[in-house]
Amino acid sequence: MSQPENESGLPFQEKVVPELLKHRLVTPEEYLRIHKKTVENYQEYWESVAKELDWFKPWEKALDDSHPPFYKWFVGGELNASYLAVDRHANSWRRNKVAIIWEGEPWENGPKEVRKLTYLDLYREVNRAAYLLKEVYGLKKGDTIGIYLPMIPELPIFMLAAARLGVAFTVVFSGFSAQAVADRMNDADTKLLITADGGWRRGKVIPLKEIVDKALETATTVKNVLVVRRTGTEISMKPGRDAYLHDVMSKVPIKAYVEPERVKSEDPLYILYTSGTTGKPKGIIHDTGGYMTLLHNTMKLVFDIRDTDVFWCTADIGWVTGHSYIVFGPLQEGATEVMYEGALDFPEPDRWVSIIERHQVSILYTSPTAIRTFMKQGEQWIKKHDVSSVRLMHSVGEPINPEAWRWFHKLVGRGQVPFGSTWWMTETGGIMISHMPGGYLVPMKPGTNGPPLLGIETNVFDEEGKPMPEEQKGYLVITKPWPGMPLTINKDPERYVKVYWNKFPNVFYAGDYAIKDRDGYFWILGRADEVMKIAGHRIGTYELESALVQHPAIAEAAVVGVPDPVRGEVAEAFVILRSGVEPSAKLREEIVKFVRENFGPIAVFREIHFVSKLPKTRSGKIMRRVIKAVATNSPVGDVTTLEDEASVEEVKKAFQELK
Ligand code: ATP
Ligand code: MG
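Nothing here was measured: the structure is a model prediction, and the numbers come from that model.

Caption draft 1: Here's a closer look at the confidence of the model for the protein chain. This prediction gives the protein chain a mean pLDDT of 93; 96% of its residues lie at or above 70. The low-confidence segment residues 1-22 (pLDDT under 50) makes 45 contacts with residues lying over four places distant or belonging to another chain. Two numbers describe this predicted complex: its pTM, 0.94, and its ipTM, 0.99.

So this is what it looks like as structure tokens:
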């Protein structure tokens, strides 16, 4: 499809940033000089990126900002995300290239199932699934479906099939409870729910269909349930409502073709609920044109994706990381990627390393929570395998403690491969801050996130909305609209305005606490609402946690602020010891001393508690608000996203024992 061109006839990036074409290490100053041009002309910059996509109809206006903060990107343009991720490659030389290397969890002297889908296979499957949704279930543009599936190929296939029809979808992580499923189905008004009989997790079956049956007692918009047979578990089927996928699929022609709907750029692609770390999850709606443009840029710049790569994002598709960097991002680029069904450390702690070795993974995208688990298990598991195929790594989800960064960089990165911590959130749609912000690398600093990407302008503000001087703590904000930004919060535009756009006028408030250093790198110091004020000093909870995990006895730590009559607030710490270390009063004193020496005397602890578990979200993030509620005797609030109820009891017990 032809694209609007700028006056020189040259793609904008080549004109303004010729350096982009070279892949090399640059100094932060060099980078920021290039970056500045792209944010000054941010609309033009983003148009140059969007032109690299295949639009059915070019846009008329880059950005409609007539109703802030409800921005619309590439207005007038028409495209289809499924076409971009599948058809384009199936109709090119990539047709027989492997798109997805899927590995099931079950293991018997090796993985029991490995399935490779080429782009042509994916095309066939997506078309058949779309045919089913359209012709059998009568779904059309404007409808919404729910997907509650484990990490099996049907999950991306149905996401792409829905996108093909312009049907919005909402994916619910397969570890969530009936209540969480029901809440999301009701909020999103889904008509059809796609699930499986069960899902494999650590060798056990999660009874997904049973959970769905329970959820549907209160989720009344769902008229039909489509069930994938995965575990062979016996389930009950409600006549007229439920059907097995293989039964209905047998009626769909093998070579079914469904014309991809011409979707408007600003039409919703999906609704996704945030992880619920800080409170009730928010139903973020993402558009199509802006979102796909942002993903294209980040795949190119941050991941430097090439046809020779094997890309592996270890997240679950139930989180935004999986939506963007398992489904739409890599597939839009025609990449080959690994998709793994189960727990990274099942049946042995080296499962994930064996995946890297067997499939020759070259780009790895993982999370601090995974890395902390690997650290607890020990380096011997990594050393059993050859990880030399890995050429680039990034992490996401939480700040990465410098300790964990060094450990992983040494062992998997062999002390040499680029390894960044990409900052972004469900709301941003894709990566905003990274050590590979412009297709090349700025020098790495353990524990930082790096500078903002080209075209993205971020800053750190004080309480009044003024930019903070460098090296000083404040609130992380995004100061220019970007493609991939949310359309709104589903059914709650007021909340969208209130949560993100009210604190500072016309600026996106991310809710994270950060500093910008002299090189223009950002350091995320934790959640803004978890910042402690000890004797007048503002300290991010994560800053003290990082100081704690530097102690050789500590594997993981969570810190919350509690009121103190003298200092305003002091820290209450909950720590998990490394295996083999025994808790004692002496160790407690030693830790306090250690942190004071390393962090400074302002690290005042009311208490240090030893626990064996910490309350986390199912995506693996520490839920400090739950710990804080226990430590201050207040109600714990919404815990539907909590991973393990027992962890709360443990924190309670530890807290009471010491009182
Ligand atoms: P909720 O908004 O429902 O409380 P959540 O914020 O955990 O949940 P996500 O959108 O999954 O939901 O996570 C985004 C948040 O994760 C960011 O706001 C930030 O706090 C944290 N985060 C993500 N990546 C990084 C990173 N590389 N470094 C530091 N923090 C990160
Ligand atoms: Mg959030």
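Caption draft 2: Inspection of the site of ligand 1 at higher detail. Residues in contact with ligand 1 amount to 22 residues; listed here are only the nearest, Thr274, Thr277, Thr278, Thr426 and Lys621. Within the backbone of Gly276, an N or O atom sits 2.7 Å from an oxygen atom of ligand 1. When ligand 1 is considered free in solution it has 640 Å² of accessible area, and contact with the protein chains removes 95% of it. Class assignment for the residues of the shell around ligand 1 results in 6 nonpolar, 10 polar and 6 charged.

Caption draft 3: A look at the sheet that holds strand β22 (residues 474-478). Across the sheet, which stays open at both edges, the 4 strands sit in the order β21-β22-β24-β25 with antiparallel pairing between neighbours. Single-partner strands in this sheet number two, and they are β21 (458-461) and β25 (522-527). Neighbour-to-neighbour, the strand axes of this sheet turn through a mean angle of 50 degrees, independent of strand direction. Pairing of strand β24 (residues 508-516) with β25 involves 5 bridges; the strand directions are antiparallel. Bridge pairing in β25 links Ala514 to Ile524.

Caption draft 4: Layout of helix α7 (residues 178-188). Among all positions in α7, only Ala178, Ala180, Val181, Ala182, Arg184, Met185 and Ala188 are buried. Where the residues of α7 are buried, they touch β6 (144-148), β7 (168-171), β8 (192-196), α8 (208-215) and β14 (270-273). Two residues or fewer after α7 comes Asp189, characterised by a positive phi angle close to 50 degrees.

Caption draft 5: Looking closely at unusual backbone geometry. Cis geometry marks the peptide bond from Pro68 to Pro69; its omega dihedral reads 5 degrees. By the element assignment, Pro69 lies in the loop between β1 (61-64) and β2 (72-75). The phi dihedral of Asn506 is positive, around 60 degrees, even though this residue is not glycine. Assignment of secondary structure puts Asn506 in the loop between α16 (493-501) and β24.

Caption draft 6: Layout of the packing of helix α4 (residues 81-90) against helix α11 (residues 320-332). Close contact between α4 and α11 brings their axes to 8 Å; oriented N to C, the two are set at 50 degrees. Considering their axes alone, α4 and α11 lie oblique with respect to each other. For the element pair α4 and α11, the recorded crossing hand is left-handed. Only Phe328, Leu331 and Gln332 of α11 make contact with α4, whose side of the interface consists of Ala81, Leu84, Ala85, Arg88 and His89. Its residues assigned to classes, the contact of α4 with α11 shows 5 nonpolar, 2 polar and 1 charged.

Caption draft 7: Quick look at the packing of aromatic side chains. Applying the stated criterion across every chain yields a total of 37 aromatic pairs. Measuring from ring centre to ring centre gives 5.0 Å for Trp59 and Phe74, while their planes differ by 55 degrees; the resulting arrangement is tilted. Placement of Trp59 in the loop between α3 (42-50) and β1 and of Phe74 in strand β2 is noted, with a sequence separation of 15 residues between them. By the burial criterion, Trp59 is buried, and Phe74 matches it. Each ring, one from Phe169 and one from Phe328, has its centre 6.3 Å from the other, and the planes form 15 degrees; the classification is stacked.

Caption draft 8: Up close: the nonpolar core. By size, the foremost hydrophobic cluster in this structure holds 144 residues, and its most contacted members are Leu122, Leu133, Ile145, Tyr325 and Phe328. Top element by residues in this core is helix α6 (residues 154-165). It accounts for 9 residues. Aside from chain neighbours lying at most four places away, what touches Tyr325 is Leu295, Thr298, Met299, Phe303, Phe311, Cys313, Pro330, Glu337, Tyr365, Trp424, Gly430 and Ile431. By size, the runner-up hydrophobic cluster in this structure holds 43 residues, among which are Ile539, Val549, Val562 and Ala631.

Thresholds applied
Residues numbered from 1 in each chain as written. Chains lettered and ligands numbered in written order. Predicted model: local features only at pLDDT ≥ 70, side-chain atom pairs only at ≥ 80, totals over all residues. Heavy atoms only, no water. pLDDT = per-residue confidence, 0-100. Contact = heavy atoms within 4.5 Å. Near = heavy atom within 4 Å. Polar contact = N/O pair within 3.5 Å; in protein donor to acceptor, adjacent residues only side chain to side chain. Areas by Shrake-Rupley, 256 points an atom, 1.4 Å probe, with all protein chains shown as cover. Nonpolar A, V, L, I, M, F, W, Y, C, P; charged D, E, K, R; others polar. Pairing = 2+ DSSP bridges. Helix = DSSP H or I, 4+ residues; strand = E, 2+ residues; numbered from the N terminus. Axes fitted to C-alpha atoms, helices over the stretch in contact; angles between N-to-C directions. Buried < 20%, exposed > 50% of the residue type's maximum accessible area, 1.4 Å probe, protein only. Parallel < 35°, antiparallel > 145°, perpendicular 65-115°, else oblique. Left-handed = near helix turned anticlockwise from the far one by under 90°. Phe/Tyr/Trp six-rings, centres within 6.5 Å; stacked < 30°, edge-to-face > 60°. Core = buried A, V, L, I, M, F, W, Y, C linked by side-chain atoms within 4.5 Å.

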